[in-house]
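Listed below are the residues making up each chain.
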Amino acid sequence: MAGMKKKIRQLRLKDELDHSPFLKDEELAQLLSVSVQTIRLDRMELGIPELRERIKQMAHSAQEKIKSIGSAEVVGELIDLELGKTGISLMNVTDEMVFEKTRVARGHFIYAQANSLALAVIDAPVAVTGVANIKYKIPIHIGDRLIAKAEIVKKRGNKYFVWVKTRIENQEVFRAKFIMVSLDRS
């Protein structure tokens, strides 16, 4: 019976990480009602690396695919990219990114993460931002980990309609709708 419980738990662990690859061991332990040590042992047994290594592997794979901008130009850490469809980037808010007086993140950093991610998902050698409609939903602070997800929702000619939603854990904090335009180099 204990072996069956372990197999079921490990299946759930894999499912949780497939659905939310950025879950920390502590969050997984809480979700599965086990200790952090049990999660670590299960991950090792299943060959699943710890969070930092998972992010590094995803980032390396994603950066090789970018066409429209240089990988170093993406604000945040690009960790998933399916050209012409979707992308995900992570950004940790640091002391340099906030206003000194209020300690709230400066909007241009959040916008830059979303905009560079929207450019990265475009399957074209050159693209620019044509239109941006943005909404800041709640203040963002030092230490917050921003997860931005971009999705191309429509393509019309050389125009790509891209939605980017940025979350902290499960709460949406920023949203943008972009019209990106691919340019002919000639």
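Residues numbered from 1 in each chain as written. Predicted model: local features only at pLDDT ≥ 70, side-chain atom pairs only at ≥ 80, totals over all residues. Heavy atoms only, no water.

A.B. asks: Is there a simple way to explain the overall build of the chain in this structure?
C.D. replies: Secondary structure summary: the chain contains five helices and six strands in total. Listed by position from the N terminus, the elements making up the chain come as α-α-α-α-β-β-α-β-β-β-β. Across the 186 residues that make up the chain, the buried fraction comes to 37%. Sequence-distant contacts, at least 24 apart, represent 57% of the contacts inside the chain between residues at least 6 apart. Summing over all exposed atoms, the chain offers an accessible surface of approximately 10,800 Å²; the carbon and sulfur share of this is 52%. (Helix = DSSP H or I, 4+ residues; strand = E, 2+ residues; numbered from the N terminus. Buried < 20%, exposed > 50% of the residue type's maximum accessible area, 1.4 Å probe, protein only. Contact = heavy atoms within 4.5 Å. Areas by Shrake-Rupley, 256 points an atom, 1.4 Å probe, with all protein chains shown as cover.)

A.B. asks: Can you help me understand the packing of aromatic side chains in this one?
C.D. replies: Aromatic ring pairs are defined here through the distance separating the ring centres and the angle between the ring planes. Under the counting rule described, the total for this entry stands at two aromatic pairs. The ring of Phe-161 has Lys-154 lying over it, and the distance from NZ or CZ to the ring centre is 4.7 Å. Against the face of Trp-163 rests Lys-177, its NZ or CZ located 4.9 Å from the ring centre. (Phe/Tyr/Trp six-rings, centres within 6.5 Å; stacked < 30°, edge-to-face > 60°. Lys NZ or Arg CZ within 6 Å of the ring centre and 35° of its normal.)

A.B. asks: Is there a simple way to explain the nonpolar core in this structure?
C.D. replies: Burial of nonpolar side chains together is a common tendency in soluble globular proteins. One finds Ile-122, Ile-140, Leu-146, Val-162, Val-164, Phe-178 and Met-180 to be the most contacted residues of the largest nonpolar core, which totals 32 residues. Among the elements of the structure, strand E1 (77-82), helix H5 (107-121), strand E4 (145-156), strand E5 (159-168) and strand E6 (171-182) are those that each provide at least two residues to this core. Per-element tally for this core: the top contributor is H5, with seven residues. When near neighbours in sequence (up to four residues on either side) are disregarded, Val-164 contacts Ala-114, Leu-117, Ala-118, Ala-148, Lys-149, Ala-150, Phe-174, Arg-175, Ala-176 and Phe-178. Core analysis: the second largest hydrophobic core is formed by eight residues, Leu-13, Leu-17, Leu-32 and Ile-39 among them. (Core = buried A, V, L, I, M, F, W, Y, C linked by side-chain atoms within 4.5 Å.)

A.B. asks: Before we go on, may I ask you to explain the pattern of salt bridges in this structure?
C.D. replies: If the charged atoms of two oppositely charged side chains come close together, the side chains can form a pair. Taken as a whole and judged by the stated rule, the model has nine salt bridges. Between Lys-6 and Glu-45 there is a salt bridge whose closest N-O contact spans 2.9 Å. Taken together, the positions of Lys-6 in helix H1 (residues 2-19) and Glu-45 in helix H3 (residues 36-46) put the pair 39 residues apart, joining distant regions of the chain. Between Asp-42 and Arg-9 there is a salt bridge, with the nearest N and O atoms lying 2.5 Å from each other. You can see Asp-42 sitting in helix H3 and its partner Arg-9 sitting in helix H1, a full 33 residues away along the chain. The two residues Asp-42 and Arg-9 agree in class, both being buried. The network of salt bridges with common partners includes Asp-25, Glu-26, Arg-40 and Arg-43. (Salt bridge = Lys/Arg side-chain N within 4 Å of Asp/Glu carboxyl O.)

A.B. asks: Is there a simple way to explain the environment of Glu-77 in this structure?
C.D. replies: The topology assignment puts Glu-77 in strand E1. Sequence separation between Glu-77 and Ile-88 is eleven residues; the distance between their C-alpha atoms is 8.5 Å.

A.B. asks: Help me understand the pairing of strand E2 (residues 86-92), please; the structure alone is not making it clear to me.
C.D. replies: Regular strands show a simple pattern: their side chains alternate between the two faces of the sheet. In terms of burial, E2 is a largely internal element, five of the seven residues being buried. Across five bridges, the pairing between E1 and E2 is antiparallel. Bridging across to E2, Leu-78 finds its partner in Ser-89. With antiparallel pairing between neighbouring strands as the criterion, E1 and E2 make up a hairpin whose turn holds three residues, including Gly-84 at a positive phi of roughly 80°. Pairing analysis gives seven bridges linking E2 to E4, with the strands arranged antiparallel. The partner of Leu-90 across the bridge, within E4, is Ile-147. (Pairing = 2+ DSSP bridges.)

A.B. asks: In this structure, what is going on with the sheet that holds E1? I would like to understand it.
C.D. replies: Backbone-to-backbone hydrogen bonds join strands into a sheet, with any given pair of strands oriented parallel or antiparallel. With antiparallel pairing, the six strands of this open sheet are ordered in space as E1-E2-E4-E5-E6-E3. Edge strands, defined here as strands with exactly one partner in the open sheet, are E1 and strand E3 (127-136). Here the average twist between neighbouring strands, direction ignored, is 20°. Bridge count for E4 against E5 is nine bridges, and the pairing is antiparallel. Paired with Glu-151 across the strands is Trp-163, a residue of E5. (Axes fitted to C-alpha atoms, helices over the stretch in contact; angles between N-to-C directions.)

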